[in-house]
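Chain by chain, the residues:
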Amino acid sequence: MLGLGADRLRADMNRLLAFLFHQGVLDEQFLQLQQLQDESSPNFVSEVVNIYFHESEKLLRNLRGLVLEREFSDYKRMGIHLNQLIGSSSSIGAKRLTNICVAFRAASDQNNPTACLRALELLEHDYCYLKNKLHEFFQIEQQRVMAAGVRYPIQN
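We now turn to the structure provided with this report. Owing to the predicted nature of the structure, the values given are computational and were not obtained by experimental measurement.

1. Some words on the packing of aromatic side chains
Move 1: Applying the stated rule across the entire model yields four aromatic pairs.
Move 2: Relative to Y127, the ring of F53 has its centre 5.5 Å away and its plane inclined at 80 degrees; by these criteria the two rings are edge-to-face. Residue F53 is located in helix α3 (residues 44-67), and its partner Y127 is located in helix α6 (residues 113-147); the two are separated by 74 residues in the primary sequence. You'll find F53 and Y127 in the same group, each marked buried.
Move 3: Joined through ring pairs, the aromatic side chains of F30, F137 and F138 make up one cluster.

The structure is reproduced here in structure tokens:
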């Protein structure tokens, strides 16, 4: 019975990943990240993704502060934050966030505060979506591990 539950949960994980790939939310880099996970580091992917979310929230706060400044003019600093977010998003396979950041940077390079605000709003929305979906994925993964009879500490 435990194996059947684990198989069903594995299928749920695969369906969720396929859905996120189909939507363009994730790309093959996420699969490459998963290949680095093994028995010696069973929570590798969730740990990397948690670090990504922690660091990205700081960058998003900084970007929001820059965009909402009354006399905004520091497009160079905005570009630096966006480059960091592009690199880290790309490294975990967050394809849609990477693309939004590239468009955001283009608006920044054009010194267009209205387009920057729109890009920020889209970025924050899609960031929350990705965070929720990956949280769901890791919860299913933990349930699968438990159903298979192997116990690892649950990551928050």
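There is more to say after this.
2. A closer look at the packing of α3 against helix α4 (residues 75-92)
The description of two helices packed together rests on the angle between their axes and the distance between the axes.
Move 1: The geometry of α3 relative to α4 is characterised by a closest axis approach of 10 Å and an angle of 160 degrees between their N-to-C directions. Judged by the inter-axis angle, α3 sits roughly antiparallel to α4. Once α3 is placed against α4, the crossing between them reads as left-handed. For the pair α3 and α4, contact is made by V48, Y52, S56, L59, L60, N62, L63, L66 and V67 and by R77, M78, H81, L82, Q84, L85, S88, S89 and I92, respectively.
Move 2: Looking at side-chain class alone, the contact of α3 with α4 contains eleven nonpolar, six polar and one charged residues.

About the cut-offs
- Residues numbered from 1 in each chain as written.
- Predicted model: local features only at pLDDT ≥ 70, side-chain atom pairs only at ≥ 80, totals over all residues.
- Heavy atoms only, no water.
- Phe/Tyr/Trp six-rings, centres within 6.5 Å; stacked < 30°, edge-to-face > 60°.
- Helix = DSSP H or I, 4+ residues; strand = E, 2+ residues; numbered from the N terminus.
- Buried < 20%, exposed > 50% of the residue type's maximum accessible area, 1.4 Å probe, protein only.
- Axes fitted to C-alpha atoms, helices over the stretch in contact; angles between N-to-C directions.
- Parallel < 35°, antiparallel > 145°, perpendicular 65-115°, else oblique.
- Left-handed = near helix turned anticlockwise from the far one by under 90°.
- Contact = heavy atoms within 4.5 Å.
- Nonpolar A, V, L, I, M, F, W, Y, C, P; charged D, E, K, R; others polar.

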